[in-house]
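# Remarks on the overall topology
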Amino acid sequence: MGCETPEPVITPKLVVVEQVDTATVPLFGNYVGVTKASLDVEVRARVDGFVQDKSFIEGSAIKEGDLLYSIDNRPYLAVVNRLKANVESQQSVLDKSQRDVERLKPLYEQDAASQLDFDNAISILSQARSSLAASKAELEEAELELSYTQITSPISGLVSRSEVDIGALVGSNGQSLLTRVKQVDPIYVTFNMSALDYLNARRRMTSYSEQQEAEAEGKAVEGFVTITLPDDSEYRYLGNVRFTDPSVNPETGTFEVRAELPNPNRELLPGQYTNVRIKLNEMKNAIVIPQKATQVEQGGVYVMVVLPNNKVERRFIVIEHQSQLGVVVKSGLKAGELVIVEGMHRVRHGQLAEPLTAEQYLKKEDAIEKEQALQQQILEQEQEQK
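I will try to describe carefully the structure that is included in this document.

Rules behind the numbers
- Residues numbered from 1 in each chain as written.
- Predicted model: local features only at pLDDT ≥ 70, side-chain atom pairs only at ≥ 80, totals over all residues.
- Heavy atoms only, no water.
- Helix = DSSP H or I, 4+ residues; strand = E, 2+ residues; numbered from the N terminus.
- Rg over C-alpha atoms; globule rule 2.2 N^0.38 Å.
- Buried < 20%, exposed > 50% of the residue type's maximum accessible area, 1.4 Å probe, protein only.
- Contact = heavy atoms within 4.5 Å.
- Areas by Shrake-Rupley, 256 points an atom, 1.4 Å probe, with all protein chains shown as cover.
- Lys, Arg positive; Asp, Glu negative; His and termini not counted.
- Charge placed at Lys NZ, Arg CZ, Asp CG, Glu CD.
- 1 Å grid on protein atoms, 1.4 Å probe; cavity = no way out; pocket = protein on both sides within 12 Å on 5 of 7 lines; lining within 4 Å.
- Points joined across faces, edges and corners; volume = space filled by probe spheres on them.
- Nonpolar A, V, L, I, M, F, W, Y, C, P; charged D, E, K, R; others polar.
- Expected span 1.5 Å × (residues − 1).
- Core = buried A, V, L, I, M, F, W, Y, C linked by side-chain atoms within 4.5 Å.
- Pairing = 2+ DSSP bridges.

## Focus on the overall build of the protein
Each helix and strand in the protein was counted, giving 5 helices and 19 strands. For 386 residues, the compact-globule formula gives about 21 Å, and the C-alpha radius of gyration of the protein, at 42 Å, lies well above that figure. Its C-alpha atoms give the protein principal-axis dimensions of about 165 × 60 × 45 Å. Of all 386 residues assigned to the protein, the portion counted as buried reaches 34%. When contacts within the protein are restricted to residue pairs at least 6 apart in sequence, long-range pairs at least 24 apart make up 73% of them. Total accessible area on the protein stands at roughly 23900 Å², and carbon and sulfur atoms take up 49% of it. For the protein, the distance from the average position of its 41 positive side-chain charges to the average position of its 57 negative side-chain charges is 2 Å.

Encoded structure:
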């Protein structure tokens, strides 16, 4: 009999696979936002006068009540002193009128004084009281104007540049705006959301009571936002949506959303552009695979699936969404199937493959390398003995 040719042994190719899982995938909206001071207060002069002193460093952090400017107070102090003297004078008149009434009252009751004298004394006492009250009111007004010559910060925050120099005339007859103070802790970030994203965010509110509560608080969109710093790193604090514009801009089809973020270390300053991300909705029981399991060609996106008989199938899929968890597959895969994530270049459609986990693959590769090294060593020893 002739020698029969042995059938070639097909060695399955080693590939790393992962099982297709289902997961709840959050859907995020990504926008470009701008930071704004939560309070931006103009510091203005309430009285006329010349600036005597500036008591702050421009651009520095200040606290509520800190002295910023001093206006020449001598004219206002003179008015206060004059009105104080007037109050003392009116008080003396009132005291005398009170004594007159007290002296005439027993005389009137004993018919020793006339009705006219007693009525005049009571009238003078009433006038004295009214004059004293008017004088005190004028004094309070003058003291208030005197206090306005010491201009303090209405809030805590960062003070801007000074708009006036020492010696400048300020007030209604001069420069009114002196500087600005911006509160940056907390800080706002505003961004524009599309009407479609708004709809998705509203659908996340499953109950009517949630929607009503959000609208009552002035935020039709609820949730927390994350933003990035200028170096593209993620800011450590989350922002809470505090306000949504109740109307859509007809030119852009978007509406403004404002979130509030803590800023204790002043890492953020007003006017910065930042990337904003907010959760709009979520997909439950979504088919998720790693991004590295997909390949793209002219016909579309495909994956290599290892079937239960270890044969490889090239399968086209339809992608619904790409998230941080991976690629969400709309159709083409089922949960529990095995997709190749490493070693796709070794196999083709219809070939046999040995599906391994990443750990099993590393162990097997290590064993193969050791076997090859041992064979090489034996071969070298045989060559040396010849």
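And the narrative resumes.
## Remarks on the layout of surface pockets
In this structure, the largest pocket occupies an estimated 240 Å³ of space. Lining the largest pocket are V41, E42, V43, R44, R46, S147, Y148, Q150, I151, T152 and P154. Listed by contribution, the elements that provide at least two residues to the lining of the largest pocket are β2 (21–44) and β6 (150–152). If you tally residues by element for the lining of the largest pocket, the top one is β2, at 4 residues. Split into classes, the residues belonging to the lining of the largest pocket amount to 5 nonpolar, 3 polar and 3 charged.

## Concerning helix α1 (residues 74–109)
With 36 residues, α1 extends 53 Å between its outermost C-alpha atoms, agreeing within 8% with the 52 Å of an ideal straight helix rising 1.5 Å per residue. Among the residues of α1, Y76, V80, L83, V87, Q90, L94, S97, D100, V101 and L104 are the ones counted as buried. Packing partners of the buried residues in α1 comprise α2 (115–147). Once α1 ends, the next one or two residues include D111, with phi positive near 60 degrees.

## A look at the nonpolar core
Membership of the largest hydrophobic core comes to 32 residues, with the highest contact counts inside it found for Y69, I151, V170 and L178. Within the residue set of this core, elements represented by two or more residues are β5 (67–71), α1, α2 and β9 (177–194). Not counting the four nearest positions on each side in its chain, I151 is found in contact with V43, A45, D66, L67, L68, Y69, I71 and L178. Counting residues in hydrophobic clusters, the runner-up holds 19 residues, among them M193, V225, F255 and L268.

## Comments concerning the pairing of strand β12 (residues 254–261)
Taken together, the 8 bridges between β9 and β12 define a ladder with antiparallel strand orientation. Of the residues in β12, the one forming a bridge with Y188 is E260. Here 4 bridges tie strand β11 (residues 239–244) to β12, and the two strands are oriented antiparallel to one another. Each residue of the ladder has a partner; that of F243, found in β12, is R258.

## Describing unusual backbone geometry
Of the consecutive residues D185 and P186, the connecting peptide bond is found in the cis state with omega at 5 degrees. Mapped onto the secondary structure, P186 falls in strand β9. With phi around 70 degrees, N310 is a residue other than glycine that occupies positive phi space. By the secondary structure assignment, N310 is in the loop between β15 (300–306) and β16 (312–323). Relative accessible area serves as the criterion here: at 31%, N310 is assigned to the partly exposed category.

## Quick word on the sheet that holds β6
Strand order in the open sheet formed by 4 strands is β6-β5-β3-β8, and the pairing between neighbours is antiparallel. Where the open sheet ends on each side, the last strands, each with one partner, are β6 and β8 (169–170). Note: β5 against β6, 3 bridges, orientation antiparallel. Following the sheet pairing, L67 is matched in β6 by T152.

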